[in-house]
Amino acid sequence: MQNTEILVLPSSSMVNTTQDPFYFILMGIPGFEAYHIWISIPFCCLYTISIMGNTAILTVIRTEPSLVQPMYLFLSTLALTDLGLTLSTLPTVMQLLWFNIQKISFEGCFAQLFFLHAFSFMESSVLLVMSFDRYVAICHPLHYATILTNSVVGRMGLAILCRCVLAVLPSLFLLKRLPFCHSHLLSHSYCLHQDMIRLVCADIRVNNWYAFAVVLLIIVMDPLLIMLSYTLILKSILGTASWTERLRALNNCLSHMLAVLVLYVPMVGVSMTHRFAKHVPPIVHVIMANIYLLAPPVMNPIIYSVKTKQIRQGIFRLLFQRKMH
């Protein structure tokens, strides 16, 4: 690590009362610092795919009158969430890889932590709501329009926003009140709560219990409710008369099921490595965290563009119109 600085604060002092500028030190790819410029190329490509793909989906849904339906409103919310997740990490990752800028201010780190975790939880919440949408569409098709009205969809969106903000803010305040008197060297090129909490030199039992509650209420409960939705969907599908109808219903759910796997498999992986594999090489933590944050924003536009006919046709129409002009 080049030009690594370590600050040590007295254990009795709080970071927000110190007169010296307080900052954290971000880490790139451990052991490959000399190749950061080359490593930046695939990162740049992935960020570009994410931004362009999610922007294309938002543009198609906004410009196609036939896509003003709850399913596509939820999909546009997912695309907005993926954009937020991408833009939360892009500045620090790319400036570290391009310019070797490792310092991030105390306030900047906490702001990034808030947006990163809020958008991550929002992604989980949106996927949960989308599974409910698929359940209603397949199991109660005649009542779909009366159950998922515009006002209901709006309230669900507001509930998602409040849920994610209220899940992240308390952990932010609980962490901010604690002194950081160990090395301020973080393990990633962005600020994660589980990475920052290990630098605290005070009693963190309250933080740990709150984090455990959030994990249960979001990271555990959401997948279980999604599984329940798909169990009911599968039960309903198996009760239909023909194989054609069964395959059509499963195909309508396939893109959402893939999006669920793309989010939760890396999320569980990064949580497990931080909790139970603390002595593995640092590069393992870095790779897992990057997959967790980059896979959903990059893969979701590809999945929905390939598997959703209306989105695919809208993107082709958008590209064709631009070429004509």
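None of these values were measured; they are calculated from a predicted model.

1. Thoughts on the overall build of the chain
Looking only at helices and strands, one finds 10 helices and two strands in the chain. The N-to-C order of helical and strand elements in the chain reads β-α-α-β-α-α-α-α-α-α-α-α. For the chain, the C-alpha radius of gyration of 22 Å lies close to 20 Å, the compact-globule estimate for 325 residues. For the chain, the spread of C-alpha atoms along the three principal axes comes to 70 × 50 × 35 Å. Sorting the 325 residues of the chain into buried and exposed places 48% on the buried side. In the chain, of all internal contacts separated by at least 6 residues, the share reaching a separation of at least 24 is 78%. Put simply, the chain shows about 16,800 Å² of open surface, and 71% of that area lies on carbon and sulfur atoms. For the chain, the separation between the mean place of its 20 positive charges and that of its 12 negative charges on side chains is 11 Å.

2. Here's the deal with the UniProt feature "transmembrane region" (unreviewed entry) in the chain
Taken from the UniProt record, the annotation "transmembrane region" (unreviewed entry) applies to residues 37-61, 73-98, 110-132, 152-175, 209-233, 254-277 and 283-303. As annotated, residues 73-98 has a helix share of 100% and a strand share of 0%, and its two end C-alpha atoms lie 37 Å apart. In residues 110-132, the share of helix is 100% and the share of strand is 0%. The end C-alpha atoms are 33 Å apart.

3. Quick notes on the nonpolar core
Among the nonpolar cores identified, the biggest contains 87 residues, and Phe24, Leu75, Phe180, Met196 and Ile311 are the most heavily contacted of them. For this core, the secondary-structure elements that each account for two or more residues are helix 1 (36-63), helix 2 (70-99), helix 3 (106-139), helix 5 (150-176), helix 7 (205-238), helix 8 (243-276), helix 9 (282-307) and helix 10 (309-324). Here the element with the most residues in this core is helix 3; it accounts for 18 residues.

4. What to know about the layout of surface pockets
Here the second largest pocket defines a volume of roughly 350 Å³. Forming the boundary of the second largest pocket are 19 residues, of which Arg134, Ile138, Arg248, Ala249 and Asn252 lie nearest the centre. Looking at the lining of the second largest pocket, the elements with two or more residues in it are helix 2, helix 3, helix 7, helix 8 and helix 10. Looking at the lining of the second largest pocket element by element, the count peaks at six residues for helix 8. For the lining of the second largest pocket, the per-class residue count stands at seven nonpolar, seven polar and five charged.

5. Comments concerning the packing of aromatic side chains
The geometry of an aromatic ring pair comes down to the distance between the two centres and the angle between the two planes. Following the criterion strictly, the structure yields nine aromatic pairs and no others. Ring centres 5.2 Å apart and planes at 75° place the aromatic pair Phe114 and Phe115 in the edge-to-face group. For Phe114, a relative accessible area of 17% corresponds to the buried category. Residue classification places Phe115 among the partly exposed positions, given a relative accessible area of 40%. These aromatic residues form a ring-pair network of at least three members: Phe24, Phe106, Phe110 and Phe180.

6. Focus: the pattern of salt bridges
Applying the stated criterion across every chain yields a total of five salt bridges. Residue Arg163 is joined to Asp222 by a salt bridge in which the shortest nitrogen-to-oxygen separation is 2.7 Å. Of this pair, Arg163 sits in helix 5 while Asp222 sits in helix 7, placing them 59 residues apart in sequence. You can call Arg163 partly exposed: its relative accessible area is 23%. Exposure remark for Asp222: the relative accessible area of 0% places this residue in the buried category. The closest approach of N and O atoms between Asp195 and Arg198, which form a salt bridge, is 2.8 Å.

Thresholds, definitions, all that
- Residues numbered from 1 in each chain as written.
- Predicted model: local features only at pLDDT ≥ 70, side-chain atom pairs only at ≥ 80, totals over all residues.
- Heavy atoms only, no water.
- Helix = DSSP H or I, 4+ residues; strand = E, 2+ residues; numbered from the N terminus.
- Rg over C-alpha atoms; globule rule 2.2 N^0.38 Å.
- Buried < 20%, exposed > 50% of the residue type's maximum accessible area, 1.4 Å probe, protein only.
- Contact = heavy atoms within 4.5 Å.
- Areas by Shrake-Rupley, 256 points an atom, 1.4 Å probe, with all protein chains shown as cover.
- Lys, Arg positive; Asp, Glu negative; His and termini not counted.
- Charge placed at Lys NZ, Arg CZ, Asp CG, Glu CD.
- UniProt positions renumbered as here; feature names shortened; annotations may be inferred.
- Core = buried A, V, L, I, M, F, W, Y, C linked by side-chain atoms within 4.5 Å.
- 1 Å grid on protein atoms, 1.4 Å probe; cavity = no way out; pocket = protein on both sides within 12 Å on 5 of 7 lines; lining within 4 Å.
- Points joined across faces, edges and corners; volume = space filled by probe spheres on them.
- Nonpolar A, V, L, I, M, F, W, Y, C, P; charged D, E, K, R; others polar.
- Phe/Tyr/Trp six-rings, centres within 6.5 Å; stacked < 30°, edge-to-face > 60°.
- Salt bridge = Lys/Arg side-chain N within 4 Å of Asp/Glu carboxyl O.

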